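Each chain is listed here by its residues.
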Amino acid sequence: QVQLVESGGGLVQAGGSLRLSCAASRGTLSSSTMGWFRQAPGKEREFVAAINWSGGSKYYADSVKGRFTISRDNAKNTVYLQMNSLKAEDTAVYHCAARYPGSGYYTSPDEYDYWGQGTQVTVSS
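Please read these numbers as outputs of a predicted model, since none were measured by experiment.

**Things to note about the state of the cysteines**
- Counted by the stated rule, this structure contains one disulfide.
- In this model Cys-22 forms its disulfide with Cys-96; the gap between the sulfur atoms is 2.0 Å. Taking the sign of the torsion about the S-S bond as the criterion, the disulfide between Cys-22 and Cys-96, at about 60°, is right-handed. Within this pair, whereas Cys-22 is found in strand S3 (residues 18-26), its partner Cys-96 is found in strand S9 (residues 92-99), the two being separated by 74 residues in sequence. The residues Cys-22 and Cys-96 share a single accessibility class, namely buried.

**Focus on the sheet that holds strand S1 (residues 3-7)**
- Taking strand neighbours across the sheet as the criterion, the four strands line up as S1-S3-S8-S7 in an open arrangement whose pairing is antiparallel. A single partner strand is all that each edge strand has here, and the edge strands are S1 and strand S7 (68-73). Each adjacent strand pair in this sheet contributes to an overall mean axis angle of 20°, direction not counted.
- With five bridges connecting them, S1 and S3 associate as antiparallel partners. Directly across from Val-5, in S3, lies its bridge partner Ala-23.

Rules of the game
Residues numbered from 1 in each chain as written. Predicted model: local features only at pLDDT ≥ 70, side-chain atom pairs only at ≥ 80, totals over all residues. Heavy atoms only, no water. Disulfide = S-S within 2.5 Å. Helix = DSSP H or I, 4+ residues; strand = E, 2+ residues; numbered from the N terminus. Buried < 20%, exposed > 50% of the residue type's maximum accessible area, 1.4 Å probe, protein only. Pairing = 2+ DSSP bridges. Axes fitted to C-alpha atoms, helices over the stretch in contact; angles between N-to-C directions.

Next comes the structure, spelled out in C-alpha cells:
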C-alpha cells in the first residue's frame, strides 16, 4: 500500500509561484507514473501534469503548459509541481496520484491507483 502526502500549497497573488511536493510516506514511487490533478469547488477533478517513472516523459494539460513543470527525484521518493505565473483560475485543491507500472502517462483519474489527500492552492487576483 502506497501513501502519498502533498505539501506546499498556500495563498499567493496572481503572477506568483508555488512549488508543490508529493512524498511517499510508505512504498516506493520509482516504478510509477505520477500525476497531478486539481479540483475546484463544484467542478470535476481535472488532469494537470504527469511524469513517467524515469522522468524522461512529461505531459501537461493545455491550460498549464509553459507555466507548470513536473519533476521527480526517485532517490527522495518525491514528485514536484513547480507552478509559475499563477492565475486565479488555478485555484483548487491539488492532488498527486501514482499508477503502477509507470511506463507511460495517463490523464484520467480512473487510471491511477493511489491518491494523496490534497493541498489547497488559492490564487488571489
